[in-house]
Amino acid sequence: MSTNACTAVAFSAQGGRSYSVTATDGTFGNRFVDDVGSAQIGFAQTGELVDRILVTYTAGSCAWRLIDSVSQITLRTGFGYKVGSTGPGPYEGKIPPITIGQNMVLETYTAAVA
């Protein structure tokens, strides 16, 4: 198993908050934590209406999901942008707006280049 450095920024009306994780390829068990206080999105942005999530990664491929950690229901999903590629543009990463609850976590699934 290899690892992949991933970053995410979740945008709300209050601004963007940055998250990171060193992801192990082949599992969704990689949870992003806040770069300032090491909190997951459910604690770092509780009550904020998030309408954009941008994820970047260093190699291979990357998908992300926002889930409820108690019910395990997937609430939002998307794909990451490889560092150094042409994306993301200033309006990329749009998602249907969602109010962040304390049980929510942002996870990534990465895959190594074959």
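Just so it is clear, the structure is predicted and the values come from calculations on it, not from any experiment. (Residues numbered from 1 in each chain as written. Predicted model: local features only at pLDDT ≥ 70, side-chain atom pairs only at ≥ 80, totals over all residues. Heavy atoms only, no water.)

Engineer: Looking at this structure, how should I read the pattern of salt bridges?
Structural biologist: Pairs may arise between side chains of opposite charge once their charged atoms sit close together. Applying the stated rule across the entire model yields 4 salt bridges. Here Lys94 ties to Asp51 by a salt bridge, and the two come within 3.7 Å at their closest N and O atoms. With Lys94 in strand β9 (residues 94-99) and Asp51 in strand β5 (residues 49-57), this residue pair connects regions lying 43 residues apart in the sequence. Judged by relative accessible area, which is 55%, Lys94 ranks as exposed. For Asp51, a relative accessible area of 28% puts it in the partly exposed group. Across the salt bridge formed by Arg65 and Glu107, the nearest N and O atoms sit 2.8 Å from each other. (Salt bridge = Lys/Arg side-chain N within 4 Å of Asp/Glu carboxyl O. Helix = DSSP H or I, 4+ residues; strand = E, 2+ residues; numbered from the N terminus. Buried < 20%, exposed > 50% of the residue type's maximum accessible area, 1.4 Å probe, protein only.)

Engineer: Please explain the packing of aromatic side chains as it appears in this structure.
Structural biologist: The relation between two aromatic rings is expressed through the spacing of the ring centres and the mutual angle of the planes. Under the criterion given, the structure shown has 1 aromatic pair. The ring of Phe11 has Arg52 sitting right over it, with the charged end atom 4.0 Å from the ring centre. Cation over ring: Arg65 sits above Phe28, and NZ or CZ is 4.1 Å from the ring centre. (Phe/Tyr/Trp six-rings, centres within 6.5 Å; stacked < 30°, edge-to-face > 60°. Lys NZ or Arg CZ within 6 Å of the ring centre and 35° of its normal.)

Engineer: Explain the side chain of Ser12 to me, please; I cannot follow it from the model alone.
Structural biologist: Of note, Ser12 is situated in strand β1 (residues 3-12). At a separation of 2.6 Å, a polar atom in the side chain of Ser12 contacts the side chain of Glu48. Ignoring sequence-local partners within four residues, the contact set of Ser12 consists of Gln45, Glu48, Leu49 and Val50. (Polar contact = N/O pair within 3.5 Å; in protein donor to acceptor, adjacent residues only side chain to side chain. Contact = heavy atoms within 4.5 Å.)

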